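Each chain is listed here by its residues.
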Amino acid sequence: MSEPLSTGPEALPSFLTVEEAATLLRVNRKTLYEAIRLGQVPGVARIGKALRIRCDALVTWPLGKGRDSALGSRR
């Protein structure tokens, strides 16, 4: 299991694993994988089979772009 992320932006690494990004966004890991698959997550880099997400793109990314978003609100 990975270490919990601290809340200060200066403490975050440049790239996050999907698990770390899901923890930061407070969403389920599977939900984040689905949003990545749909092309809704910025800053995603594939390194071999591994996915990494640029932290700065994720922190400045506005969530909830409507009903079609895997991470959007479902009312």
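Here is what the cut-offs are and how they apply
Residues numbered from 1 in each chain as written. Predicted model: local features only at pLDDT ≥ 70, side-chain atom pairs only at ≥ 80, totals over all residues. Heavy atoms only, no water. Buried < 20%, exposed > 50% of the residue type's maximum accessible area, 1.4 Å probe, protein only. Helix = DSSP H or I, 4+ residues; strand = E, 2+ residues; numbered from the N terminus. Pairing = 2+ DSSP bridges. Contact = heavy atoms within 4.5 Å. Polar contact = N/O pair within 3.5 Å; in protein donor to acceptor, adjacent residues only side chain to side chain. Axes fitted to C-alpha atoms, helices over the stretch in contact; angles between N-to-C directions. Parallel < 35°, antiparallel > 145°, perpendicular 65-115°, else oblique. Nonpolar A, V, L, I, M, F, W, Y, C, P; charged D, E, K, R; others polar.

(A) Here's a closer look at the pairing of strand E3 (residues 50–54). In E3, alternate side chains face the same way, and those of Leu 51 and Ile 53 are buried while those of Ala 50, Arg 52 and Arg 54 on the opposite face are not. Relative to E3, strand E1 (residues 15–16) runs antiparallel, the two sharing two bridges. Note that in E3 the partner of Phe 15 across the bridge is Arg 54. Of the strand pairs in this sheet, strand E2 (residues 44–47) and E3 are connected by four bridges, and their pairing is antiparallel. Counterpart to Ile 47 in the pairing with E3 is Ala 50.

(B) Structural context of the environment of Arg 54. By secondary structure assignment, the location of Arg 54 is in strand E3. For Arg 54 and Pro 13, which are 41 residues apart along the polypeptide, the C-alpha to C-alpha distance reads 8.7 Å. Dropping the residues within four chain positions of it, Arg 54 is found in contact with Ser 14, Phe 15 and Gly 43. A polar atom in the side chain of Arg 54 sits 3.0 Å from the side chain of Asp 56.

(C) Representation of the packing of helix H1 (residues 18–25) against helix H2 (residues 29–37) in the model. Contact geometry of H1 with H2 gives a least axis separation of 9 Å together with a crossing angle of 105 degrees. Here H1 is positioned roughly perpendicular relative to H2, judged by the angle of their axes. When H1 is examined against H2, the residues Val 18, Glu 19, Ala 21, Ala 22 and Leu 25 are found in contact with a partner set consisting of Arg 29, Leu 32, Tyr 33 and Ile 36. By residue class, the composition of the contact of H1 with H2 is seven nonpolar, no polar and two charged.

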